[in-house]
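# Observations on the three-dimensional arrangement
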Amino acid sequence: MHYQTERGSVHAVRGIGLEVKPGQFYTLLGPSGCGKTTTLRCVAGLERPQEGEIRIGSDLVFSSARGLSIPPYKRDIGMVFQSYAIWPHMTVFENVAFPLREMKRRLSQREIRERVHQALSLVQLIGLEDRPAPFLSGGQQQRLALARALVREPRVLLLDEPLSNLDAKLREETRFELRDLVKRLGITTLYVTHDQLEALTMSDVVAVMDQGRIVQEAPPVEIYQSPRERFVANFIGLTNFLEGQVKRVPTGNGQLGEVETPSGLLQCILPEGVAAGETVVIVVRPEDVNLLAGPACASADSRSDPGKNVLQGRVEAVIFMGDTLECQVGVGGKRMRVKLHPSSTVAAGEEIRLELPARRCRALRT
Amino acid sequence: MDTAARLQLWPHGLFFLVLFLVMAPLLFLVLGSFSTARLPGDFSLSTMGVANYFKVYSDPGTYELLTNTVIYVAGSVALGISLAFSLAWLVERTNMPGKIWVYAGVPMTLAVPGMLQAMAWVLLLSPRIGMVNRILKDLFGPETPPINIYSLGGMIFLEGLRLVPTAFLMLVPLLRSMDPALEEAAAISGARPISAARKITFRLLAPGLVAVMIYQAMTALEVFEIPGILGLPAGIYVFSTKIYAILRSATFLPVYGQANALAMVYLVLAVVTTYFYSRMISRAERYTIITGKGYRPRQLDLRGWRYPALGLALLFLFLAVVLPFLVFLYTSFLPYLQAPSLAALSGLTLKNYRLLIEYGEVGRALTNTLVMVLVTATATTLLSFFVSLVVVRSSFWGRRLLDQLAFMPHAIPGIVMGIAFFWLFLKLDFLPLYGTIWAMSIGFTVSFLSYGTRSMNAALLQIHKELEEAAYVSGAAPRRMMWRIFFPLMLPTLAGVWIWVILHAVRVAGIPLMLYEGPSNQVLAILIWNMWDEGYVGAVAAIGNLLMISLLLLTVLVRVAGFRRHAVQLGGA
């Protein structure tokens with residue numbers, strides 16, 4: 001699917017190009033108002049981009065150049081809305097049967113019953129067929145909406161923040177169930193969310209969006225470990241930022257460069273084509289930082305040993321978070337966050353040394 | 001969008017239709033107030049002047065009128081609100097038993113037409129023929145001073161009773177939505193119960209309460225039937241009855257321009273009160289942080305007062321519904337009016353019901369009423385539906401203006417609306433509307449438009465757009481979506497508005513009294529009015545009885561439709 005859109009005086013989405021491979025779980029991730037829902041609605045046909053092309057499989061469903069726009073009800077899609085949009089005047093059965101009854105080819109009553117049953121058993125709602133739709137719990141409504149979206153076996157499944165209305169516990173369970181289900185059915189899925197955890201745990205490919213454009217598109221691991229922009233690093237997970245100037249650019253491939261920061265000289269991975277003297281920001285995740293054992297040596301010690309990427313600091317706060325221990329360490333006037341194992345014995349006020357593994361430090365252009 | 005041109009065309013048509021329907025009569029009302037010609041038909045620009053205003057507003061009678069009106073409105077609002085507040089408080093915040101009777105019974109009082117209620121009380125409390133007065137005379141001797149219903153006090157009493165159901169329905173959610181935590185927080189902060197009630201509870205309720213009072217004052221000011229039945233015979237006028245008297249008095253030639261000049265007071269009041277009302281509403285909404293979860297506010301234990309409280313609540317229901325009904329039932333079987341006694345009971349007869357068949361105009365009036373009411377209800381429902389569709393769902397440039405236009409008639413009383421249309425239909429004589437039931441239908445449709453569009457706006461806002469989009473992505477084309485999703489979801493509202501309009505159009509007398517010309521457009525409300533005037537009390541009781549029974553049945557139907565809508569709201573996104 002490729003398209004661009006322009007709406008009103010503000011660009012909700014612009015210059016977007018994305019391609020979802022058959023059977024892929026593709027997630028659009030971004031803060032609210034970044035244009036991810038608009039993008040999804042364009043694919044559904046509920047919104048019309050001003051320019052561009054959208055294809056579902058081999059079918060061209062929208063093309064501004066050809067003046068072509070297939071309405072949503074003729075597209076081969078299924079969609080789950082954020083509010084679930086369960087029709088309150090119908091029973092559970094009728095809600096799921098609706099897409100079947102609207103098909104071009106008329107299905108027999110028996111076939112409809114069978115396929116509704118099949119869809120409901122996929123989402124484990126068997127036995128609730130005759131219940132009026134409003135008398136369902138939030139989780140049941142969500143599953144009903146999913147059954148309705150799947151019952152026609154569409155080529156593409158569109159999901160608009162389907163988990164955001166569930167409570168935390170249920171959301172966690174449903175995350176895996178949902179991914180399991182669409183993977184089992186092998187259905188191509190376009191998923192929209194603002195929840196990074198959902199995006200990382202469920203997707204094959206994540207596209208991070210900001211202000212109407214895609215900032216980075218990559219598998220979850222790459223998105224997390226190698227963010228290409230400060231926005232991505234900041235939006236996903238906790239991150240420490242250290243600003244500095246490029247000192248030395250690596251000569252060969254895979255070699256590390258050096259950056260001079262106010263806290264000291266650090267080895268790190270540099271972005272491509274960067275020149276010495278350029279200002280960059282080093283990104284390092286709190287869980288990648290190591291606390292060096294043993295009492296702190298003299299500060300000159302760490303300075304004399306730049307290759308080891310060791311910084312001198314003082315623990316300012318220790319916060320117990322259950323599965324981790326978060327330390328806030330003052331380093332050269334900056335505060336760094338470090339995640340430690342909860343069994344670590346650190347106390348506020350302690351002088352410590354932090355090791356920043358060079359391969360885990362990634363410099364980004366500012 | 002390829003349908004953009006088509007979409008833009010019909011909102012324009014609708015906009016100009018509503019603009020014409022609302023503004024044209026008002027324009028003629030204003031122009032007419034400057035006309036010095038004796039008949040509306042002779043109106044021309046050369047005969048314009050301010051003579052009417054001079055005549056009306058220099059008349060000392062007008063100021064007596066103003067005083068009467070103020071006393072009547074203030075009195076009935078004070079009585080109505082205190083009654084309604086007590087009832088609402090009893091059912092919401094105390095452990096009074098038998099609440100369900102109050103919840104179900106109070107809205108039922110809406111079904112009793114004001115005209116009939118006033119007539120029933122005349123039969124009870126008229127100084128000459130009133131049954132209660134006669135019984136009092138029998139008990140305490142003929143010198144006992146009668147209780148006179150033909151007085152300002154009588155009007156206040158009855159209008160007060162009539163304001164209760166609407167005020168009750170507005171106050172119940174207000175009391176219910178009060179979060180008990182707000183009062184508990186006051187208690188924990190050290191406030192005594194009385195002080196907490198004064199500083200927290202009452203302050204939070206105040207904007208809502210004032211809004212209800214303004215709304216009720218507007219209603220009392222506009223009502224014609226109560227002061228018409230109780231005040232006119234005694235020569236006690238308020239604004240609505242004075243305007244009627246100027247136009248329809250038997251002794252003088254009507255001075256149309258003066259009626260219009262007097263009606264201007266309403267127009268000014270309408271603008272002012274609408275302004276304050278909407279301000280109050282928005283302030284009340286600011287306080288709706290108090291609405292939200294379905295908590296049950298703390299209930300006061302009435303202890304020994306529980307049953308007396310229920311007795312008081314039931315007494316209201318007795319006075320407002322049961323008594324008028326019993327009086328009519330009893331009177332309708334009497335050969336002539338008499339206080340209840342064994343002798344009276346032995347002389348019961350069907351004479352009055354037979355008279356209905358013989359009184360030639362009844363059949364004609366019934367047919368007229370049926371046609372007029374059905375046409376009005378259908379037209380109002382359709383027009384408000386399309387207006388709300390444009391207001392809520394379209395991007396039409398004039399949608400806010402359209403909304404305000406549709407709301408405007410709300411503040412204009414039926415009598416004034418009647419005069420306005422009277423002028424309009426006389427001037428537009430190329431349209432054969434004057435003196436027909438269609439004229440009444442148009443007048444009613446315009447005045448009910450505000451109610452219709454408010455209901456439809458709310459209903460349309462409740463239908464989450466995703467419910468429709470879900471149908472599109474499920475493969476339903478727009479027409480199928482309308483038929484299977486949109487229409488079924490709107491049906492309870494459409495039916496609710498339709499029945500509400502029937503209930504009101506059948507009994508409101510204001511517009512018909514102004515547009516009535518003779519048997520050809522006589523409707524039930526006029527027929528009852530005329531029969532009462534001519535002294536056919538028994539026949540009025542008979543026909544009133546039948547009318548009340550059918551209205552009660554219809555009201556029950558509305559309640560049922562209302563419950564269905566409630567079930568749908570639960571699921572609406």
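Everything numeric here is computed off the predicted structure, so don't read it as measured data.

Right, let's talk about the interface of chain A and chain B for a bit. Taken together, the contacts link 22 residues of chain A with 21 residues of chain B. Elements with a contribution of two residues or more to the side of chain A that touches chain B: β6 (77-80) and α2 (92-101) of chain A. It is β6 of chain A that contributes the most residues to the side of chain A that touches chain B, three residues altogether. Broken down by class, the residue content of the side of chain A that touches chain B amounts to 16 nonpolar, three polar and three charged.

This part is about the domain arrangement of chain A. Residues and elements named next belong to chain A. Partitioning chain A into domains gives domain 1 (2-230) and domain 2 (238-365). Taking the mean C-alpha position of each, domain 1 and domain 2 sit 41 Å from one another. Counting from both sides, the interface comprises four residues of domain 1 and, opposite them, four residues of domain 2. Grouping the amino acids of the side of domain 1 that touches domain 2 by side-chain chemistry returns one nonpolar, one polar and two charged.

On to the confidence of the model for chain A, then. Residues and elements named next belong to chain A. Across chain A, the average pLDDT comes to 86, with 92% of residues at or above 70. In the predicted structure, residues 1-9 sits below a pLDDT of 50 and forms 35 contacts with residues beyond four places in sequence or in another chain. Counting interchain partners and residues more than four positions distant, the pLDDT-below-50 stretch residues 296-307 has 15 contacts.

This brings us to α2 of chain A. Burial runs high along α2 of chain A: seven of the ten residues are buried. Its buried side turned inward, α2 of chain A meets α3 (109-122) and α4 (138-150) of chain A.

Before going further, it helps to spend a moment on the pairing of strand β14 (residues 279-284) of chain A. Along any regular strand, the residues point their side chains to alternate faces of the sheet. Residue and element names in this part refer to chain A. Looking at chain direction, strand β11 (residues 240-248) and β14 are connected through six bridges and run antiparallel. Bridge pairing in β14 places F241 opposite V283. Sheet topology places β14 next to strand β20 (residues 362-365); four bridges connect them, and they run antiparallel. Each bridged residue has a counterpart across the sheet, and for V281 the counterpart in β20 is L364.

A few words on the sheet that holds strand β12 (residues 257-261) of chain A. Residue and element names in this part refer to chain A. Overall, antiparallel pairing links the five strands, which are arranged β13-β12-β11-β14-β20 in an open sheet. With partners counted over all chains shown, the strands left at the sheet margins are β13 (264-268) and β20, one partner each. Adjacent strand axes in the sheet meet at a mean angle of 45° when their direction is disregarded. Of the pairings in the sheet, the one linking β11 to β12 comprises three bridges and is antiparallel in character. By the bridge assignment, Q245 is partnered in β12 with E260.

All names here are of chain A. With respect to topology, five strands assemble into an open sheet ordered β15-β19-β16-β17-β18, the strand pairing being antiparallel. In this open sheet, the two edge strands, each paired with only one partner strand, are β15 (290-291) and β18 (334-340). Strand direction decides the pairing type here: strand β17 (residues 325-331) and β18, joined by seven bridges, are antiparallel. Following the sheet pairing, C327 is matched in β18 by V338.

Residue and element names in this part refer to chain B. Partitioning chain B into structural domains gives domain 1 (61-346) and domain 2 (350-573). Here the C-alpha centre of domain 2 lies 24 Å away from the C-alpha centre of domain 1. At the junction of the two partners, domain 1 supplies 30 residues and domain 2 supplies 29 residues. When contributions to the side of domain 1 that touches domain 2 are tallied by element, the ones reaching two or more residues are α5 (114-125), α9 (193-222), α11 (239-248), α12 (256-286) and α13 (306-332). Considering each element in turn, the side of domain 1 that touches domain 2 owes the most residues, seven residues, to α12. Here the residues of the side of domain 1 that touches domain 2 are counted per class, giving 22 nonpolar, six polar and two charged.

Moving on to the environment of L326 of chain B. Residue and element names in this part refer to chain B. Relative to the helices and strands, L326 resides in helix α13. L326 sits in the partly exposed class, given 13 other C-beta atoms within 10 Å. Separated by 206 residues in sequence, L326 and A120 place their C-alpha atoms 9.0 Å apart.

Quick notes on the rules
- Residues numbered from 1 in each chain as written.
- Chains lettered and ligands numbered in written order.
- Predicted model: local features only at pLDDT ≥ 70, side-chain atom pairs only at ≥ 80, totals over all residues.
- Contact = placed C-beta atoms within 7 Å.
- Helix = DSSP H or I, 4+ residues; strand = E, 2+ residues; numbered from the N terminus.
- Nonpolar A, V, L, I, M, F, W, Y, C, P; charged D, E, K, R; others polar.
- Domains from an automatic or database assignment.
- pLDDT = per-residue confidence, 0-100.
- Buried ≥ 20, exposed ≤ 12 C-beta atoms within 10 Å, placed from the backbone.
- Pairing = 2+ DSSP bridges.
- Axes fitted to C-alpha atoms, helices over the stretch in contact; angles between N-to-C directions.

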